[in-house]
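# Analysis of the macromolecular model
Now for the letters of each chain:
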Amino acid sequence: MKTYLVTGGAGFIGSNFILYMLKRYSNIRIINVDKLTYAGNLENLTSVKDDSRHIFAQADICDADAIGELFATYEPDYVVNFAAESHVDRSIDSPEIFAHTNITGTLTLLNAAREAWQTADGSYGTCKFLQVSTDEVYGSLSLDEPGIFFTESTPLDPHSPYSASKASADLFVCAYSSTYQLPINITRCSNNYGPFQFPEKLIPLMIHNALQLRALPVYGDGLNVRDWLYVIDHCKAIDLVLHKGTTGEVYNIGGHNEHPNIAIVKTIISQLANQVDSAITEELIQYVSDRKGHDRRYGIDPQKITEELGWVPETSFEEGIAQTIEWYLSNEEWVGRVTSGAYQDYYKNMYEGR
Ligand code: NAD
Ligand code: DAU
């Protein structure tokens, strides 16, 4: 039986990954290490609460003692590091926590893995450390060159405090590979969407606001482009890289599914108007001041993961967005619960008075 130490497993992608892995493999054990920040919600894992293969440990990835103890107790074969502060707007307001969690937290995990896994002759067994990174580390592409994409050899050029912290973490992971030969992979994925995404991110925020007939805040001219991937396709790619990826390599993950933000917002409006309430119209769109340093376009070239590992996205955007809208319609209470408390104040500060 293999043991996976999954960090950030109560967040959006982490919880989808745990549910996917427990369904796909019977003989595994997952240690879910999560601090439960505003973005972590154990309710996402209700369906596996009685599954003894899922063990939850509330801990901060920056806490070396707690992480060391978890390694000693469970002796994981794999680490999949999802834990992070993940929202760009928050990073612009408060960069420090992004540096702490995303850089120091990753370094703490790397040290624990090296200490636990390295044998007396300096070699490692079949273990692996997978760092879940992002396309944002590459910076921004131009709208004028739609045929140019991020490849694994595109130079790192992060612009936001969030992406700077993720790029720094990636560099530490690479350094532990070349200095200590720690077996690693880094995955860099494009924008994810799907169930359990915290409603501060574009797609769930727009669905939630539209259902309340509230303004839909579109930054700048709405023409910034993001490359959207259904979250389960991301989980499948991580599973493949973990088990079949060449050790030491970086893999980009994306499905050539680029859309301007305004087109996403209009798609959501039109589906909700048909399905729920004809009062949901484009009148709700409100252009607001732009995000500082707003990257214009992201676009991933997935050729390497497709050619080497045979990964292709399986969920079309039409299917994925319909399923996502359906999920949020059936889980409005979940949205209410996760957006109570601290998030409400943050939300108010961000959008009121614009
Ligand atoms: P999320 O914000 O939904 O979840 C983050 C999780 O990490 C939460 O459960 C939170 O409680 C936990 N966490 C935060 N700080 C922690 C700490 N110090 N110790 C332990 N746990 C902590 O994020 P997400 O959208 O699921 O993203 C997961 C990972 O994937 C991140 O590393 C992010 O950079 C990366 N990523 C996200 C996307 C995307 O579109 N969402 C795309 C590519 C890569
Ligand atoms: O590309 C991968 C990244 O995608 C991940 O690394 C990040 O963790 C994840 O948060 C996401 O970052 P983005 O900044 O691209 O996602 P967000 O949903 O915040 O914004 C998507 C686009 O929509 C972006 O161009 C900003 C715009 N936007 C966002 C919000 C929240 C709006 O116009 N209005 C909004 O209210």
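Residues numbered from 1 in each chain as written. Chains lettered and ligands numbered in written order. Predicted model: local features only at pLDDT ≥ 70, side-chain atom pairs only at ≥ 80, totals over all residues. Heavy atoms only, no water.

## Some remarks on the sheet that holds strand 2 (residues 28-34)
Spatially, the seven strands line up as an open sheet ordered 3-2-1-4-5-6-10, and their pairing is parallel. Of all the strands in the sheet, just strand 3 (54-58) and strand 10 (250-253) have a single pairing partner and so form its edges. Each strand axis lies, on average, 20° off the axis of its neighbour in the sheet, ignoring direction. Against the sheet, helix 1 (residues 12-24) engages strand 1 (2-7), strand 2, strand 3 and strand 4 (78-81), with an angle of about 170° to strand 2. Relative to the sheet, helix 4 (residues 95-117) contacts strand 1, strand 4 and strand 5 (128-134), its axis offset from that of strand 5 by approximately 165°. (Pairing = 2+ DSSP bridges. Helix = DSSP H or I, 4+ residues; strand = E, 2+ residues; numbered from the N terminus. Axes fitted to C-alpha atoms, helices over the stretch in contact; angles between N-to-C directions. Contact = heavy atoms within 4.5 Å.)

## As for the sheet that holds strand 11 (residues 258-260)
Taken in spatial order, the three strands line up as 7-9-11 in an open sheet, and their pairing is mixed. Every other strand in the sheet has two partners, leaving strand 7 (191-193) and strand 11 as the edge strands with one partner each. Here the strands of the sheet are splayed against their neighbours by 50° on average, with no regard to which way each runs. Together, strand 9 (225-230) and strand 11 form the strand contacts of helix 8 (residues 261-275), whose direction differs from that of strand 11 by roughly 85°.

## Things to note about the confidence of the model for the protein
Averaged over the protein, the pLDDT score is 96; the fraction of residues at 70 or greater is 96%. In this model residues 350-354 is a low-confidence stretch, pLDDT under 50, and it forms eight contacts with partners more than four residues away in sequence or in other chains. (pLDDT = per-residue confidence, 0-100.)

## Quick word on the site of ligand 1
Close to ligand 1 lie 28 residues; I13, D34, S86, Y162 and K166 are nearest. Burial of ligand 1 by the protein amounts to 96% of the accessible area it has alone, namely 840 Å². Where the shell around ligand 1 is concerned, the elements lending two or more residues are helix 1, strand 5, helix 5 (161-180) and strand 7. For the shell around ligand 1, the element with the most residues is strand 5, which contributes three residues. (Near = heavy atom within 4 Å. Areas by Shrake-Rupley, 256 points an atom, 1.4 Å probe, with all protein chains shown as cover.)

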